Amino acid sequence: MPAWLENTVFYQIYPQTFRDSNGDGIGDLRGIIEKLPYLQELGVTGLWLSPCFESPFGDAGYDVADFYKVAPRYGTNDDLRALFAEAKRRGIRVMLDLVAGHTSNQCAWFRESQRHERNQYSDWYIWTDSVWTWFAPNLQVVVGGAERDANYVPNFFHFQPALNYGFAKPDPKMPWQQPVDAPGPQAVRAELKKIMAYWFDLGASGFRVDMAGSLVKNDPDGSATAALWREFRAWMDREYPDCALVSEWSQPQIAVPQGFHMDFLLPFAKPGYKALFRPDGDAVPIFDRSGRGNIRTFLDEFAPLYDATKGRGFIAIPSGNHDTVPRLGDGREARDVAVAMAFLLTMPGVPFIYYGDELGMRALDGLPSKEGGYGRTGCRTPMQWDASANAGFSAAPADQLYLPVDPSPTRPTVAAGLADPQSSLRATQELLALRKTHPALGASGEFRELYAEAGQWPVVYERTLGSERILVALNPTDTAREVRLPALPALESVRALAGEAAAFVSGADGWTVKLPPVSYAVVKAG
Ligand code: GLC
Ligand code: CA
């Protein structure tokens with residue numbers, strides 16, 4: 001286990017819209033390098049870059065055409081190498097995005113694979129036996145899209161053909177379904193390792209693995225896909241023990257024991273996570289001023305996952321990502337965002353902040369789809385740096401930006417946030433610094449609920465490591481809340497670390513936790 005994960009907090013950058021250094025309207029690697037001082041000042045120590053490789057950008061780069069080459073619009077491989085080096089100088093590690101399950105249909109491997117003549121790549125994708133095989137149970141097929149007399153299985157959009165990692169249980173009636181140990185699937189595995197090694201050697205510290213659970217087909221319990229990742233982990237432990245993988249799987253109880261250092265909680269698979277910050281139908285989010293949010297919805301989902309992964313790897317709780325609308329900042333003021341950050345940054349595991357969420361950036365409604373974004377497009381708009389043109393994102397004319405900047409006169413910016421002691425940015429900065437200097441708040445510090453009742457606030461929990469003990473209380477509601485915790489074990493005194501300084505009050509009959517509306521407290525015992 002790479003020791004650096006213990007106190008790393010990641011920041012996800014969507015390269016298209018972080019910072020445009022050359023005025024063409026699209027973010028780029030030099031732009032990210034330019035903004036490293038900001039990221040260092042913020043206090044994050046890890047970056048995850050959404051895919052920055054050569055691509056026709058039908059799915060924003062999740063349709064990779066060349067896994068070994070940076071897309072020209074972002075720069076060159078040398079620029080990426082420079083980013084690794086510059087970031088490292090500032091104590092920041094960089095993770096890339098590994099789209100392991102599929103490629104673009106413009107990838108050279110696929111262009112070969114779809115040919116009539118058999119060749120080295122014929123079995124790198126999943127092809128049916130004939131163009132007339134239009135249906136296969138639990139699989140989509142793209143019909144008539146190839147030169148060869150066969151249809152291919154896509155993984156996501158139609159132009160994202162699935163790489164062939166084989167079938168856990170090939171259907172004997174469909175001999176085109178190859179077993180995992182067939183030559184095609186084994187060659188694809190070897191290539192995936194080559195890609196990873198290439199970027200590790202250039203200075204990448206790890207990968208976020210796209211659709212990590214999707215590789216082996218007809219694998220209902222995930223065991224064949226898990227076996228693949230076990231093999232990769234054993235290889236990494238031998239060859240690249242300081243590098244890490246985080247999976248987009250959202251089944252930490254499977255992904256972590258099987259080899260991932262961390263797995264994300266994500267809204268598509270984890271309703272309790274989704275409920276934290278985002279409304280679901282008529283239900284208000286857990287972190288909501290109305291106080292109608294129920295923290296148990298999250299904790300009852302989280303507890304078994306935490307138990308299943310403890311000591312083996314980490315749960316990664318993201319503030320959001322490039323697929324999630326609304327954003328954390330939607331419907332929230334600075335104080336509300338700060339309370340949400342206080343939660344994210346004091347939970348065990350490895351937190352991920354989606355760019356702009358530290359500002360409370362809002363998603364834009366009603367944008368036309370950009371690069372396959374569809375309903376996700378609104379959470380991908382340019383980072384808001386300052387009050388200059390295009391919020392300091394780019395020198396291009398506004399109508400030539402990748403996506404429009406939030407036009408709201410009240411849009412938050414980095415410059416305004418840094419200048420305002422009450423901003424969510426400043427709160428995030430303070431919490432990040434705290435996490436770095438207090439091992440109990442790190443990834444492995446033990447988590448224990450002290451008070452977390454359905455429909456009640458505040459919620460109180462503790463984090464411990466060795467002799468360090470830190471208590472956290474959160475009140476996202478718009479009324480003052482207090483709870484008596486007479487049984488708070490062995491707590492003699494507290495020292496305020498962040499938030500409300502006087503929240504933990506000791507009396508003759510034990511401790512009371514009192515929080516004003518929309519507030520939090522982090523205190524250290526003893
Ligand atoms: C993941 C990515 C998403 C992409 C999809 C297909 O879910 O996060 O943006 O569209 O995989 O690669
Ligand atoms: Ca640019």
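Residues numbered from 1 in each chain as written. Chains lettered and ligands numbered in written order. Predicted model: local features only at pLDDT ≥ 70, side-chain atom pairs only at ≥ 80, totals over all residues. Heavy atoms only, no water.

## What about the sheet that holds strand 16 (residues 504–507)?
Reasoning step 1: The antiparallel open sheet is built from three strands, whose spatial order is 14-17-16. Looking at the sheet topology across the chains shown, the edges are occupied by strand 14 (481–485) and strand 16. Strand-to-strand twist across the sheet, computed as the mean angle between neighbouring axes with direction ignored, equals 20 degrees.
Reasoning step 2: Two elements, strand 14 and strand 17 (residues 510–515), share five bridges in a ladder whose sense is antiparallel. Across the sheet, residue Val-483 finds its bridge partner in strand 17, namely Val-513. (Pairing = 2+ DSSP bridges. Helix = DSSP H or I, 4+ residues; strand = E, 2+ residues; numbered from the N terminus. Axes fitted to C-alpha atoms, helices over the stretch in contact; angles between N-to-C directions.)

## So, the domain arrangement of the chain
Reasoning step 1: Segmentation of the chain into domains returns domain 1 (3–101 + 185–436), domain 2 (102–162) and domain 3 (445–525).
Reasoning step 2: The distance between the C-alpha centroids of domain 1 and domain 2 comes to 30 Å.
Reasoning step 3: Listed per partner, the contact involves 24 residues of domain 1 and 20 residues of domain 2.
Reasoning step 4: Carbon and sulfur atoms supply 65% of the area buried between domain 1 and domain 2, which totals about 1,600 Å² over both sides.
Reasoning step 5: It is Gly-101, Met-211 and Lys-217 that lose the most area in domain 1 upon contact with domain 2, and together they represent 28% of the buried surface on that side.
Reasoning step 6: Counting every contact that joins domain 1 to domain 2 gives zero salt bridges.
Reasoning step 7: On the surface where domain 1 and domain 2 come into contact, there are seven residue pairs in polar contact (both at pLDDT 80 or more).
Reasoning step 8: Per-element accounting of the side of domain 1 that touches domain 2 gives the leading share, five residues, to helix 5 (residues 183–202). (Domains from an automatic or database assignment. Contact = heavy atoms within 4.5 Å. Buried area = accessible area lost by both parts, 1.4 Å probe. Salt bridge = Lys/Arg side-chain N within 4 Å of Asp/Glu carboxyl O. Polar contact = N/O pair within 3.5 Å; in protein donor to acceptor, adjacent residues only side chain to side chain.)

## Observations regarding the sheet that holds strand 15 (residues 494–499)
Reasoning step 1: Strand order in this open sheet of five strands is 11-12-13-18-15, and the pairing throughout is antiparallel. The open sheet terminates on both sides in strands that have one partner only, identified here as strand 11 (446–451) and strand 15. For this sheet the average axis-to-axis angle between neighbouring strands, irrespective of direction, equals 25 degrees.
Reasoning step 2: Helix 9 (residues 295–309) rests against strand 11 and strand 12 (459–465) of the sheet, and its axis sits at about 150 degrees to strand 11.

## A few points about the coordination of the calcium ion (ligand 2)
Reasoning step 1: Summarising the metal site, the calcium ion (ligand 2) is bound by the protein donors Asp-20 (OD), Asn-22 (OD1), Asp-24 (OD), Ile-26 (O) and Asp-28 (OD), whose distances to it range over 2.2 to 2.4 Å.
Reasoning step 2: Written as a sequence motif, the donor arrangement for the calcium ion (ligand 2) is D-x1-N-x1-D-x1-I-x1-D.
Reasoning step 3: Take Ile-26: its relative accessible area is 16%, and that puts it in the buried class. (Donors = N, O, S within 2.8 Å, 3.2 Å for Na, K, Ca; no water. Buried < 20%, exposed > 50% of the residue type's maximum accessible area, 1.4 Å probe, protein only.)

## With respect to the packing of helix 10 (residues 334–344) against helix 12 (residues 424–437)
Packed helices, taken two at a time, are described by the angle their axes make and the gap between the axes.
Reasoning step 1: Running from N to C, helix 10 and helix 12 point in directions that differ by 15 degrees, and their axes come no closer than 8 Å. When the interaxial angle is binned, helix 10 and helix 12 end up roughly parallel. Like other packed secondary-structure pairs, helix 10 and helix 12 cross with a definite hand, here right-handed. Side by side, helix 10 and helix 12 meet where Ala-334, Val-337, Ala-338, Met-341, Ala-342 and Leu-344 of the first sit next to Ser-424, Ala-427, Thr-428, Leu-431 and Arg-435 of the second.
Reasoning step 2: The class makeup of the residues in the contact of helix 10 with helix 12 is eight nonpolar, two polar and one charged. (Parallel < 35°, antiparallel > 145°, perpendicular 65-115°, else oblique. Left-handed = near helix turned anticlockwise from the far one by under 90°. Nonpolar A, V, L, I, M, F, W, Y, C, P; charged D, E, K, R; others polar.)

## Here's the deal with the site of ligand 1
Reasoning step 1: With respect to spatial proximity, 13 residues lie near ligand 1, and among them Asp-59, Asp-210, Glu-248, His-322 and Asp-323 are the closest.
Reasoning step 2: Here an oxygen atom of ligand 1 sits 2.7 Å away from a polar atom, N or O, in the side chain of Glu-248.
Reasoning step 3: One nitrogen or oxygen atom from the side chain of Asp-323 is found 2.5 Å from an oxygen atom belonging to ligand 1.
Reasoning step 4: Burial of ligand 1 by the protein amounts to 96% of the accessible area it has alone, namely 310 Å².
Reasoning step 5: The class makeup of the residues in the shell around ligand 1 is three nonpolar, three polar and seven charged. (Near = heavy atom within 4 Å. Areas by Shrake-Rupley, 256 points an atom, 1.4 Å probe, with all protein chains shown as cover.)

## Some points on the pattern of salt bridges
Reasoning step 1: Under the defined criterion, the tally for this structure stands at 31 salt bridges.
Reasoning step 2: Between Arg-233 and Asp-237 there is a salt bridge, with the nearest N and O atoms lying 3.0 Å from each other. Here the residue Arg-233 and the residue Asp-237 both occupy positions in helix 6 (residues 223–239), the gap between them amounting to four residues, near one helical turn.
Reasoning step 3: Classification of Asp-237 by relative accessible area gives partly exposed; the value is 40%.
Reasoning step 4: In this structure, Arg-327 engages Asp-357 in a salt bridge whose closest nitrogen and oxygen atoms are separated by 2.8 Å. Taken as a pair, Arg-327 in the loop between strand 9 (314–316) and helix 10 and Asp-357 in the loop between strand 10 (352–354) and helix 11 (414–419) lie far apart in primary sequence, 30 residues in all.
Reasoning step 5: Several salt bridges converge on common partners, so that one network encompasses Asp-59, Asp-323, Arg-376 and Arg-380.

## Remarks on the environment of Tyr-402
Reasoning step 1: Tracing the backbone shows Tyr-402 in the loop between strand 10 and helix 11.
Reasoning step 2: Sequence-distant contacts of Tyr-402, that is, excluding residues within four places in its chain, are made with Tyr-14, Gln-16, Thr-17, Gly-25, Ile-26, Ala-60, Arg-73, Lys-370 and Glu-371.
Reasoning step 3: Polar contacts involving the side chain of Tyr-402 include one to the side chain of Glu-371, which spans 2.6 Å.

## Brief notes about the pairing of strand 1 (residues 10–13)
Reasoning step 1: Burial of the side chains of strand 1 extends over both faces: Phe-10 and Gln-12 are buried on one face and Tyr-11 and Ile-13 on the other.
Reasoning step 2: One ladder, built from three bridges, connects strand 1 with strand 10; its direction is parallel. Counterpart to Tyr-11 in the pairing with strand 10 is Ile-353.
Reasoning step 3: Sheet analysis places strand 1 next to strand 2 (residues 46–49), joined by four bridges and oriented parallel.

## Re the environment of Gln-186
Reasoning step 1: Summarising the element assignment, Gln-186 is placed in helix 5.
Reasoning step 2: Classification of Gln-186 by relative accessible area gives partly exposed; the value is 31%.
Reasoning step 3: Gln-186 sits 338 residues away from Lys-524 along the chain, and the two C-alpha atoms are 52 Å apart.

## So, the side chain of Asn-475
Reasoning step 1: Here Asn-475 shows up in strand 13 (residues 468–475).
Reasoning step 2: With a relative accessible area of 0%, Asn-475 lands in the buried category.
Reasoning step 3: Looking at Asn-475, its side chain comes within polar contact range of the main-chain oxygen of Pro-516, at 3.0 Å.

## Concerning helix 3 (residues 77–89)
Given 3.6 residues per helical turn, the α-helix brings residues three or four places apart onto the same face.
Reasoning step 1: The end-to-end C-alpha distance of helix 3 is 19 Å, a good match for the 18 Å that 13 residues give at a rise of 1.5 Å each.
Reasoning step 2: Turning to helix 3, its buried residues are Asn-77, Asp-79, Leu-80, Leu-83, Phe-84 and Ala-87. Within helix 3, the buried residues cover an arc of 160 degrees as seen down the axis, which keeps them to one side.
Reasoning step 3: Structurally, helix 3 contributes buried residues whose contacts are with helix 1 (29–34), helix 2 (36–42), strand 2, strand 4 (66–70), strand 5 (93–98) and helix 5.
Reasoning step 4: Directly after helix 3, the chain includes Gly-91, whose backbone phi takes a positive value near 75 degrees. (Expected span 1.5 Å × (residues − 1). Arc of directions from axis to C-beta.)

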